[in-house]
Amino acid sequence: MESIRSLAGTAAAAVLLALPLTTLPAAAATTDDCASAQAAADRARKDFDETKKAYEAQIAAGGHPGAAGRQELADADVRRSVTAAEAERVCDSSA
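1. With respect to the packing of helix H2 (residues 31–60) against helix H3 (residues 67–93)
- Two elements in contact, H2 and H3, have axes whose closest approach is 8 Å; the angle formed by their N-to-C orientations is 160 degrees. By the angle between their directions, the pair H2 and H3 is classed as roughly antiparallel. In this structure, the crossing between H2 and H3 has a hand that is left-handed.
- The residue makeup of the contact of H2 with H3, split by class, is 13 nonpolar, 4 polar and 9 charged.

2. Examining the packing of aromatic side chains
- On inspection of all chains with the given rule, the structure shows 0 aromatic pairs.
- Its guanidinium or amino end placed over the ring of Phe48, Arg80 lies 4.0 Å from that ring's centre, counting from NZ or CZ.

3. Concerning the pattern of salt bridges
- Considering all chains together, one arrives at 6 salt bridges under this definition.
- Residue Asp77 pairs with Arg80 through a salt bridge whose shortest N-O separation is 2.4 Å. On the criterion of helical spacing, the pair formed by Asp77 and Arg80 is a turn pair, its members being 3 residues apart in helix H3.
- By relative accessible area, Asp77 is classed as buried at 14%.
- One connected set of salt bridges, linked through shared partners, spans Asp42, Arg45 and Asp49.

4. Some details on the state of the cysteines
- Following the criterion strictly, the structure yields 1 disulfide and no others.
- Put simply, Cys34 and Cys91 are joined by a disulfide, and their sulfur atoms are 2.0 Å apart. Handedness here is read from the sign of the S-S torsion; for Cys34 and Cys91, about 100 degrees, the answer is right-handed. Within this pair, whereas Cys34 is found in helix H2, its partner Cys91 is found in helix H3, the two being separated by 57 residues in sequence.
- Its relative accessible area of 18% is what places Cys34 among the buried residues.

Calculation criteria
Residues numbered from 1 in each chain as written. Predicted model: local features only at pLDDT ≥ 70, side-chain atom pairs only at ≥ 80, totals over all residues. Heavy atoms only, no water. Axes fitted to C-alpha atoms, helices over the stretch in contact; angles between N-to-C directions. Helix = DSSP H or I, 4+ residues; strand = E, 2+ residues; numbered from the N terminus. Parallel < 35°, antiparallel > 145°, perpendicular 65-115°, else oblique. Left-handed = near helix turned anticlockwise from the far one by under 90°. Nonpolar A, V, L, I, M, F, W, Y, C, P; charged D, E, K, R; others polar. Phe/Tyr/Trp six-rings, centres within 6.5 Å; stacked < 30°, edge-to-face > 60°. Lys NZ or Arg CZ within 6 Å of the ring centre and 35° of its normal. Salt bridge = Lys/Arg side-chain N within 4 Å of Asp/Glu carboxyl O. Buried < 20%, exposed > 50% of the residue type's maximum accessible area, 1.4 Å probe, protein only. Disulfide = S-S within 2.5 Å.

Pasting the structure below:
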């Protein structure tokens, strides 16, 4: 699990560094923008939870998730982190 966290952290950092600087200082967002961003974050969190549950179920059943399974979980974790950060940014700017 530690390697997943490390991989996810590295991937999250890469995604955040790849964001264009123009997305950082944004104009005030609307309430609709906030609701959309929060909905995306909720979907990403649900996807991560489902992916993690399936990953852990495979291990509990005696399976050994391969690199693809670990990558899928790490990617879902990155999407969850990035969309949560984006929702926070958008919703804070709409306040």
